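# Overview (structure and organization)
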Amino acid sequence: MTIIRRIILTILAAALLHGCGPEQDIPANADYGKGQDIKVFKFYADWCPPCQAMKPEYEKMKKLYPHVAFYDVDWDKNREKAAQFGIDGVPHVIKLTNKSGVKRQSGYMSRNALVRFIEND
């Protein structure tokens, strides 16, 4: 892993430790440095049709990959957090891994696209 990826991963993980807002979707007490090697954060909005279309497949991923820590972040309730990550639209998925750092994807993702996103570095 390059030094830049390590720095980005460290900054992103540290930012996540500070919680998300009044109704936190990401647990404030979660230990992002230990446990699962893969963490997936999905930024979504209830009013967003692509987010709603993606929701059933994303929920299936949680069952297919029990070794992955999945977090759902409501964009409307966590605009500051989304801005910190440079997210200006939803759906937006971020994957953190100990091995390869940070991976991002904006827009609707099919089941196959979600599988590739989770499995590939």
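These lines cover the structure that appears in this document, whether it is placed above or below. (Residues numbered from 1 in each chain as written. Predicted model: local features only at pLDDT ≥ 70, side-chain atom pairs only at ≥ 80, totals over all residues. Heavy atoms only, no water.)

### A short note on the overall build of the protein
Our working rule: The way it works is that DSSP assigns letters per residue, a run of H or I at least four long becomes a helix, a run of E at least two long becomes a strand, and they are numbered from the N terminus. Think of it in three bands: with a 1.4 Å probe and only protein chains considered, a residue is buried below 20% of the maximum accessible area for its type, exposed above 50%, and partly exposed in between. Should any heavy atoms of two residues lie within 4.5 Å, those residues are counted as being in contact. For the area figures, the Shrake-Rupley method with a 1.4 Å probe applies, and any residue is considered shielded solely by the protein chains shown.
Within the protein, the regular secondary structure consists of 4 helices and 4 strands. Its helices and strands in sequence order give the protein the pattern α-β-α-β-α-β-β-α, from N to C terminus. Across the 121 residues of the protein, 45% fall into the buried class. Long-range contacts, defined as pairs at least 24 residues apart, comprise 65% of the intrachain contacts of the protein with a sequence gap of at least 6. When the accessible area of the protein is evaluated, it comes to approximately 6,800 Å², of which 54% is carbon and sulfur surface.

### Observations concerning the packing of aromatic side chains
Test applied: When two rings of Phe, Tyr or Trp (its six-membered ring) have centres within 6.5 Å they constitute a pair, described as stacked for plane angles under 30 degrees, edge-to-face for angles over 60, and tilted for the intermediate range. By the criterion adopted, a ring carries a charge over it if an Arg CZ or a Lys NZ lies within 6 Å of its centre and within 35 degrees of its normal.
Summed over all chains, the structure comprises 4 aromatic pairs. Here Lys42 stacks its cationic end above the ring of Tyr44, 5.1 Å away from the centre of that ring.

### Re the environment of His67
By the secondary structure assignment, His67 is in the loop between helix H2 (49-64) and strand S2 (68-74). Each C-alpha atom of the pair His67 and Asp37 lies 7.9 Å from the other, and the pair is 30 residues apart in sequence.

### A word on the pairing of strand S1 (residues 38-44)
Here is the rule: Whether two strands pair depends on DSSP finding at least two bridges between them. The handedness of a crossover follows from its direction of travel: if, with the strands pointing away from the viewer, the path from the first strand over the helix to the second runs clockwise, the crossover is right-handed.
Most of S1 sits out of view: 7 of its 7 residues are buried. Residues Ile38, Val40, Lys42 and Tyr44 line one face of S1 and the alternating positions Lys39, Phe41 and Phe43 line the opposite face, and both faces are buried. Two strands pair when backbone bridges link them, and S1 and S2 are joined in this way by 7 bridges, in the parallel orientation. Note that in S2 the partner of Ile38 across the bridge is Val68. For the crossover from S1 across H2 to S2, the handedness is right-handed. In this sheet, strand S3 (residues 92-97) lies alongside S1 in antiparallel orientation, the contact comprising 6 bridges. Residue pairing for S3: Phe41 is matched across the bridge by Ile94.

### Focus on the pattern of salt bridges
For the record, the criterion: Salt bridges are defined by distance alone: a side-chain nitrogen of Lys or Arg within 4 Å of a carboxyl oxygen of Asp or Glu.
Summed over the entire model, instances satisfying the criterion amount to 6 salt bridges. A salt bridge links Lys62 to Glu59; the shortest N-O distance between them is 3.2 Å. Here Lys62 pairs with Glu59, and both are found in helix H2, just 3 residues apart, close to one helical turn. Ionic contacts of the salt-bridge type, sharing partners, join the residues Lys42, Glu59, Lys62 and Asp72 into one network.

### A closer look at the nonpolar core
Soluble globular proteins tend to bury their nonpolar side chains together. Let me state the cut-off plainly: Buried Ala, Val, Leu, Ile, Met, Phe, Trp, Tyr and Cys residues form a nonpolar core when they are joined through side-chain atoms within 4.5 Å.
Core analysis: the largest hydrophobic core is formed by 16 residues, its most contacted members being Phe41, Phe43, Ile87, Val90 and Ile94. Put simply, the parts of the chain that give this core at least two residues each are S1, S2 and S3. Core analysis: the next-biggest nonpolar cluster, separate from the first, contains 15 residues, Tyr65, Val68, Ala113 and Val115 among them.

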